[in-house]
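Summary of the model geometry
Here are the chains, one letter per residue:
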Amino acid sequence: MSRNEARLNAINEITNAAPFATTMTAPLNEIWASDVFGLQQMEESLSKSAFKSIKKTVQTGAELEPAVADAVAAAMKDWAMTKGAKFFSHIFYPMTNATAEKHDGFVVTNSDGGAITEFTGSLLIKGEPDGSSFPNGSLRMTNAARGYTAWDPTSPAYIMQTANGAVLMIPSVFMSWTGEALDKKIPLLRSNAAMNDAAQKVLALMGETDIATLNSSCGAEQEYFLVDEKFANARPDLLLAGRTLFGAAPAKGQEFDDHYFGAIPERVQVFMQDLENKLYCLGIPAKTHHNEVAPGQFEIAPYFEAANIASDHQQLLMTLLKNTAKRHGFICLLHEKPFAGINGSGKHVNWSVGNATQGNLLDPGHTPNENLNFLLFCGAVIRGVHKYGPLLRAVIASAANDHRLGANEAPPAILSVYLGDQLEKVFDDIRTGALHVPTTGGQMDIGLSQILKFDRDPGDRNRTSPFAFTGNRFEFRAVGSSQSVSGPLVAMNTMLADSLEWIAAKLEAVLATNSDKTAAVFAVLKELMEEHGKVVFGGDGYSSEWHKAAVEEHGLKNIPTTADALPAFKTQEVIDLFSNTGVFTPAELASRFEVYAEQYILSIEVEAKLVVEMATTSIYPAAINYLSNIAATGITLDFSPAGKVAETATAMMSAVEQLSAALETEAFESTEAHMQFLANDVCTLMETVRSAADTLETLVDDSLWPLPKYREMLFIK
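A few words on the overall build of the protein chain. For the protein chain, the count of helices and strands is 23 helices and 21 strands. The C-alpha atoms of the protein chain give 28 Å as radius of gyration, which agrees with the globular expectation for 717 residues (27 Å, within 12%). The principal-axis extents of the C-alpha atoms in the protein chain amount to approximately 95 × 80 × 70 Å. Within the protein chain, buried positions represent 54% of all 717 residues. Once local pairs closer than 6 in sequence are excluded, the contacts in the protein chain between residues at least 24 apart make up 75%. Element-wise, carbon and sulfur atoms account for 52% of the exposed surface of the protein chain, whose accessible area totals about 30,800 Å².

Pasting the structure below:
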C-alpha cells in the first residue's frame, strides 16, 4: 500500500469507527494504592521490631539491618504472589530519561526437580544487570560491563499489571562496579541529603530545637498530545523522532482559544479514566486533568509528593501514558514540540522544601515580612537561581526542548525569578533597608450578591517566568515534557544547599556580634539581595525589551540552545558546587555532559536522516506524480500552480542534497563544536527542506499527499 493510500484509509477508518466503549471507574477507596507494597502492607506482615526499623528507614533514611531486609523480602514476595506475580524486577532510571528493568523469576528448583519460590534479603538488596549498553559518559572502559542495582526502601515497591501478567517492581539505584552513579536516582537522594544538612544548620541558628529531617517535594504538571495511531503509523517522523518534521499549518489551529479547558472529547475522557484507575492503584495522586491550549493537547497533574517518590511516579506516569494510549487507539506524544506553529508541551515542576516540625519552609504565611525562616529559604532560592542559572538551563536542555524555550509559548532561555508584587516589595525593602508592611491582595468583590466574596492572593501569576513563586512553592516552568524531573530537582536541591550553607556561615558570624535574630536575618538578606537581586523580574519575560535588559543591565545569560547550555556542566563553579555538596564527583559530572551531548547529537542526526529520507521517498514523488497528472491533461508545467510545484520541488531536493552532505561531516575539534554545527548548520538546512515541503503540501493534489496532515491529526474524532 502506498503512503497516500495509507493516509486516506486511516481517514476513512477513523471517520467510520464505532463509538469507543466507556469504562466504569471503581470507587477510589477500593483501588487506592492496592498494587503498592507500602508501610500499611508492611505493618500487617512484619513483626513489630522489623516494621519499626523499616519505617524509620523510609521516613528518615536510617540504615536498615540485613535481618530486616530478609523479613521484608519474604513479606514482599508473599504479597506479590497473591497479586499474581511470578517475577520481580529492580526498576531503575539510567541517564536517558527512560526506565530500565530486567525481570527475574521467584522460581528455583530443588534436588528432586520440583519448583519452589525464593526471594531473600540479598536478592532484594542487590541486582546485577549488564551495564555495558547503558550510557556511562566514560566512567568505565567499554569492556567493564558490571553494574549493580540496589533497592531504595524509601520508594515503595509495586505491582505492574499488564496484559501479559503481573511483575513486582522494586525501585532501585544503579551504579558501576566502582560505585559511580549511572542513574537519575542516586544524585537526587544525595542532593536531598545535602539540602537537609544545610537546612538543619540554618534552622538551628534560628533557634529551632525540634527539627525533623527535611525533604524537598515535587508536583509535576505533565502535558502531552494524543494522535490516532492510524495517523501516527503513517508518519515515520512521529514514530522515530516523536515530532512532525513536515506539516503545513492548518486553516484553523489554536487561534480561537477554544480548546484550553474546553469540553474533553469523549474518547479522550475514557482514556483518562482508564489511565487514572491505573495511577490510583499504584498510589499516584493524579489530581487534575484538562484540555491544554493546543488542539489534541492535554495535561495531567498529580498532588505533591516527596521528591524521590514524585520522580519515580513521574517516570511511571510517562510509561502508563504511552501504554494506556495504545489500548485506546492513540499514540501519546511526550515530545516538547510535536507540531510546528502551535504550543508545545512542558512539565512544570512545582518544588518546595519542608519537614514534619517546621512545615513548608516556602510558605510565607499571612505576614511574610515577619516569617524569618521563610525569608531565609526564599532568599536562598533567589541566590541559587542567580548564581547557577546556566546550570538550571543545562538540566532542561535537549534537542526537543530547544523548540520551546525562547518562543512566545514557553519561558525564555533566560533564568529569572518571579516573586509577585508583595514578595518583590518585601525583598526590595530588605535590600534598601526600609521595610514596610506589605500590602495584601484585598477582597474579591465583583458586585454580585449571590457570589461570595473571598480573599485574593497577594500577587498575580506570571506565566512568562521560567522560575516563579506561586504562593507556597516555586514553579520551574521550563522543564521539558519528556524529561525526568530528577535532573531539575537535583539542580534545585543542590543550589539550595549551597545557598543555605552560605547563609548559615553569614548568619553565624552576624549572630556572634548581635544576638537579635531579626536584625541578623535582615543583614544577611540585605547582602544577598545586593549581590543577587537582579535575577528578580516581575514583567513580561517574552518581551524583546527584557531580553535586551536581562543581558545588558542585569548580567543574566540568554542561552538559546542545548549546544550553548550543556558546557555549563564543565565550568569550575558547577564542578565545585557538586563536589562540595557531595552530589557528584567531578568524574560523575563530566559523564553527564558526555551523555547528554551524545543524546543531543544523535537526536539531531536521526531527525536529519529522516528529513532526507521522507523528502526523497515520499514528498518528492508526490510532487512528481502531481506534475505527471498535470502534464497528462496537456497543461504546460509553467502553468500556476504547476510551475510553482516544479520550482519548489527542485529547491527542496537541492536543500536535501546539501543536508546529506552536511551529515557526512566527521572532523570536529570537540564535542562542543559538533553540537554547534548541528544547532546552526544542520538544523538550518532541515528547516529549509521543511519550508519547501510544507509549501508543496499546500499545492499538491490532496489525494496524492502521502502524510497525514495537521488538520487531520490535531482534531480528535
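Formed by 138 residues in total, the largest nonpolar core has its most connected members in Phe246, Leu419, Phe467, Phe474 and Phe476. Tallying contributions element by element places helix 20 (residues 586-632) first for this core, with 20 residues. In terms of nonpolar packing, the next biggest core, distinct from the first, is built from 32 residues, Val167, Val268, Ala286 and Leu334 among them.

We now examine the packing of helix 12 (residues 372-387) against helix 16 (residues 517-532). It is the contact of helix 12 with helix 16, at a shortest axis distance of 10 Å, that shows an interaxial angle of 20 degrees. Classified by the angle between their axes, helix 12 and helix 16 sit roughly parallel to one another. By crossing handedness, the relation of helix 12 to helix 16 is classed as left-handed. Note on element contacts: helix 16 touches helix 12 through Lys517, Thr518, Val521, Phe522, Leu525, Leu528, Met529, Glu531 and His532, opposite Leu372, Leu375, Leu376, Gly379, Ala380, Ile382, Arg383 and His386. Class assignment for the residues of the contact of helix 12 with helix 16 results in 10 nonpolar, four polar and three charged.

Tallied over the entire structure, the rule returns 20 aromatic pairs. For the pair Trp32 and Tyr280, a centre-to-centre distance of 6.0 Å together with 55 degrees between the ring planes defines the contact as tilted. Taken together, the residues Trp32 in the loop between helix 2 (28-31) and strand 1 (36-37) and Tyr280 in helix 10 (residues 266-281) connect sequence positions 248 residues apart. Between Phe271 and Phe330, the ring centres sit 6.3 Å apart and the planes meet at 75 degrees, which makes this aromatic pair edge-to-face. Taken as a pair, Phe271 in helix 10 and Phe330 in strand 14 (residues 330-333) lie far apart in primary sequence, 59 residues in all. In this structure, Phe271 and Phe330 share a single accessibility class: buried.

A few words on the environment of Met160. With respect to the helices and strands, the residue Met160 is situated in strand 8 (residues 157-162). Between the C-alpha atoms of Met160 and Lys83, which are 77 residues apart in sequence, the distance is 9.9 Å.

We now examine helix 17 (residues 544-552). For helix 17, the complete set of buried residues consists of Trp546, Ala549 and Ala550. Down the axis of helix 17, the sector holding all buried residues measures 105 degrees, keeping them to one side. Opposite the buried face of helix 17, by more than 90 degrees, sit the exposed residues Ser544, Lys548 and Glu552.

Glancing now at empty space enclosed by the protein. Tallied over the full model, the rule gives seven cavities of 30 Å³ or more. Forming the walls of the largest cavity are Cys218, Gly219, Ala220, Ile284, Pro302, Tyr303, Glu305, Ala310, His313, Gln314 and Leu317. Put simply, the parts of the chain that give the lining of the largest cavity at least two residues each are strand 10 (215-228) and helix 11 (307-327). In terms of residue count, the dominant contributor to the lining of the largest cavity is helix 11 (four residues). Per-class residue counts for the lining of the largest cavity are seven nonpolar, three polar and one charged.

On to unusual backbone geometry. The backbone of Ala33 sits at a positive phi, close to 55 degrees, despite the residue not being glycine. For Asn97, which is not glycine, the phi dihedral falls at a positive 65 degrees. By relative accessible area, which is 26% here, Asn97 ends up partly exposed.

What counts as what
Residues numbered from 1 in each chain as written. Predicted model: local features only at pLDDT ≥ 70, side-chain atom pairs only at ≥ 80, totals over all residues. Heavy atoms only, no water. Helix = DSSP H or I, 4+ residues; strand = E, 2+ residues; numbered from the N terminus. Rg over C-alpha atoms; globule rule 2.2 N^0.38 Å. Buried < 20%, exposed > 50% of the residue type's maximum accessible area, 1.4 Å probe, protein only. Contact = heavy atoms within 4.5 Å. Areas by Shrake-Rupley, 256 points an atom, 1.4 Å probe, with all protein chains shown as cover. Core = buried A, V, L, I, M, F, W, Y, C linked by side-chain atoms within 4.5 Å. Axes fitted to C-alpha atoms, helices over the stretch in contact; angles between N-to-C directions. Parallel < 35°, antiparallel > 145°, perpendicular 65-115°, else oblique. Left-handed = near helix turned anticlockwise from the far one by under 90°. Nonpolar A, V, L, I, M, F, W, Y, C, P; charged D, E, K, R; others polar. Phe/Tyr/Trp six-rings, centres within 6.5 Å; stacked < 30°, edge-to-face > 60°. Arc of directions from axis to C-beta. 1 Å grid on protein atoms, 1.4 Å probe; cavity = no way out; pocket = protein on both sides within 12 Å on 5 of 7 lines; lining within 4 Å. Points joined across faces, edges and corners; volume = space filled by probe spheres on them.

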